[in-house]
Amino acid sequence: MSSSERQFTQLSSGISGLDSLLRGGLVEGRLYLVIGPPGTGKTLLGTQFLEAGLEAGDDVLFIHAEESASDLRANTAELGIDISNATFLDVGPDSEFFEEAESYDVVKPRDVEDGHLISDIREAIERVDPDRVLIDPITHFQYLEPTEYQFRKRVISFARFLQDRETTVLATKTPSNQMDTQLRSLSDGIISLSYGDEKAGRRIRLRKHRGIGQQDGSHGMEIRDSGVEVYPALEPEQRTRSFDPAQFSAGVPELDSLLDGGLERGTVTILSGPSGVGKSTTATEFLASAAADGSPALAYLFDESIDTFSHRCETFGIPLSELRDEGTLLVEEVESLALSPEEFANRVKTQAEERGAELVVIDGIAGYKNAIKRGQDDVELRRRLHALTQQLTRGNTAVILIDQRRDVTGLHEPTSENVSYLADNIVFQNYIEVAGELQRVVGALKKRVGGFETVPRRFEITADGLQVGDPVSGMHGVFEGVPEQHGDGNNQSSTH
């Protein structure tokens, strides 16, 4: 049978996100290496692999050398991981070793320990006949072999011994120069764990999955009260719904007129402007209008607390509490440095699918880049955000991203640095100076579907919310921020 025709039986690792990265799970009868510095979660990941086996009715064997069986049971139980029915084989030295003065005069200590270790392991495997084995750490084998050649022979023979029994093996290891290359070469799969500072967070990467393949790249990982959680980077699916350019109204006739009726489903809109100009208020008008019409909407706040957001909405007469109680509007405040970009994207994707969301607002891009834990640089974060917006729009969900520009007046750049490519539509808000007075204008620079007015409009934020006036006609220099009268000097533009 050719390799392309060979059928593999895949097993759950006990971590759904990791199974996804493995393209379905671990392959039965193979050897996997989990490698990472101390504290990255290697043992914890391994115990979840054993627990998944126990839940499936498998016999499992835990070969451990650094922690006692009682400590391992207690530590995993604290996280709700039950491996009490596993068979434990402790191959580490017992406490008496510290007190012993015995020396080996006739034979080398390696030869004695080698014989004991191998016989103990063989006896345990033949007695238990395990479906799954966790070796934590496999470094113990390395210490017994004098050369890389001997170590390679040992691992190959051990792997074949278990493969003949259709046993799946997970082995942990701390990175080192000694014999790392041999282990990586002999393993059928390599799961690499890392942990930077608080801002970088935990990361997981699959380096190899023989015969199956894996989702490449760096992915989010967390250790929570329930154990290891893995969040794959989004790979946008094919369009799940046919494109329907039905529009969302802002509920403000003049703003809808500026946008030729509103914003289309299945598109991404960047709403850009300087601090305090009214971006969040404008996005809220779209949210409230959609929710009031029965279209489920979601909002994720990076730049504002949910308390101030709620207070502002109620002040403007937007019935936020009522819409949330009805279930048509979900508003979440994203805690700074609490989520990886992958976990955030998976959360939004899941909530959008569960609620059938038709509009999603992310407030805002700068807050997202500052608050989301970084496993990569700004470029990679933007890619993650782009993948999320693609995932949403392929489900015909409209997305509004709020983007803060540095300039207070003028429109030197339509968006902040390097984010305009995310947008199907760009709506800008800005300040202009008229006779020494700062006024607000709103306009559209780009709209991929449908038309838009090319002349911006003045607007105000009042106690009743957003009030948009007529187009700013009879003036030039609006985009520079200091407009001047021209023509007959009769400008009737007003927000009232």
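Note that the structure is a prediction, hence the values are computed from the model and not measured.

Here we take up the pairing of strand β22 (residues 465-471). Both strand β21 (residues 457-462) and β22 contribute to a ladder of five bridges, which runs antiparallel. By the bridge assignment, Thr-462 is partnered in β22 with Gly-465. As consecutive antiparallel partners, β21 and β22 are separated by two residues.

For the rest of this paragraph, the subject is the nonpolar core. Ranked by size, the top nonpolar core spans 39 residues in total, and within it Leu-255, Phe-286, Leu-287, Leu-329, Val-331, Leu-359 and Ile-400 carry the most contacts. One finds Tyr-300, Leu-330, Phe-344 and Leu-392 within the second-largest nonpolar core, a separate group that totals 31 residues.

Here we come to the sheet that holds strand β8 (residues 189-195). The nine strands lie next to each other as β5-β4-β6-β7-β3-β8-β9-β10-β11, forming an open sheet whose pairing is mixed. This sheet does not close on itself; its edge strands, each paired only once, are β5 (87-90) and β11 (227-231). Pairwise comparison of adjacent strand axes, ignoring direction, gives a mean angle of 20° for this sheet. Packing against the sheet, helix α13 (residues 341-355) makes contact with β9 (202-209), β10 (218-224) and β11, and its axis sits at approximately 85° to β10.

What follows deals with empty space enclosed by the protein. Going through the model one piece at a time under the given rule, you end up with six cavities of 30 Å³ or more. Computed from the structure, the largest cavity encloses a volume of approximately 50 Å³. Taken together, the elements giving at least two residues each to the lining of the largest cavity come down to α10 (279-292), β15 (297-301) and β17 (359-363). Looking at the lining of the largest cavity, the element that brings in the most residues is α10, giving four residues. For the lining of the largest cavity, the class distribution of residues is eight nonpolar, two polar and one charged.

Right, let's get into the environment of Lys-349. Structurally, Lys-349 is set in helix α13. Look at Lys-349 and you get buried, because its relative accessible area is 16%. Considering only alpha carbons, one finds Lys-349 and Thr-389, 40 residues apart in sequence, at a separation of 9.5 Å. For Lys-349, the residues in contact, after removing those within four places along its chain, are Leu-234, Glu-237 and Gln-391.

Here we take up the confidence of the model for the protein chain. In this model, the protein chain carries an average pLDDT of 85, and 86% of its residues clear a pLDDT of 70 or more. Taken as a whole, residues 1-5 scores under 50 in pLDDT and shows two contacts with residues more than four places along the chain or in a different chain.

One pass over the full model with this rule turns up 19 salt bridges. In this structure, the salt-bridge partner of Glu-342 is Arg-384, at a minimum N-O distance of 2.7 Å. Highlighted residues: Glu-342 in helix α13 and Arg-384 in helix α15 (residues 378-393), separated in sequence by 42 residues. Judged by its relative accessible area of 1%, Glu-342 is buried. Across the salt bridge formed by Glu-353 and Lys-349, the nearest N and O atoms sit 3.2 Å from each other. With Glu-353 and Lys-349 both in helix α13 and four residues apart, this pair spans about one turn of that helix. One salt-bridge network, in which partners are shared between bridges, spans Arg-203, Glu-342, Glu-380, Arg-383 and Arg-384.

Our next topic: the pairing of β9. For a regular strand, side-chain orientation follows a simple rule: the groups alternate between the two sheet faces. The element β9 is extensively covered by neighbouring structure, given that six of its eight residues are classed as buried. Sheet analysis places β8 next to β9, joined by seven bridges and oriented antiparallel. Of the residues in β9, the one forming a bridge with Tyr-195 is Arg-202. The turn joining β8 and β9, which pair antiparallel and follow one another in sequence, is formed by six residues; a positive phi near 75° is taken by Gly-201. Pairing of β9 with β10 involves four bridges; the strand directions are antiparallel. The residue of β10 that forms the bridge with Arg-205 is Ser-218.

Rules of the game
Residues numbered from 1 in each chain as written. Predicted model: local features only at pLDDT ≥ 70, side-chain atom pairs only at ≥ 80, totals over all residues. Heavy atoms only, no water. Pairing = 2+ DSSP bridges. Helix = DSSP H or I, 4+ residues; strand = E, 2+ residues; numbered from the N terminus. Core = buried A, V, L, I, M, F, W, Y, C linked by side-chain atoms within 4.5 Å. Buried < 20%, exposed > 50% of the residue type's maximum accessible area, 1.4 Å probe, protein only. Axes fitted to C-alpha atoms, helices over the stretch in contact; angles between N-to-C directions. Contact = heavy atoms within 4.5 Å. 1 Å grid on protein atoms, 1.4 Å probe; cavity = no way out; pocket = protein on both sides within 12 Å on 5 of 7 lines; lining within 4 Å. Points joined across faces, edges and corners; volume = space filled by probe spheres on them. Nonpolar A, V, L, I, M, F, W, Y, C, P; charged D, E, K, R; others polar. pLDDT = per-residue confidence, 0-100. Salt bridge = Lys/Arg side-chain N within 4 Å of Asp/Glu carboxyl O.

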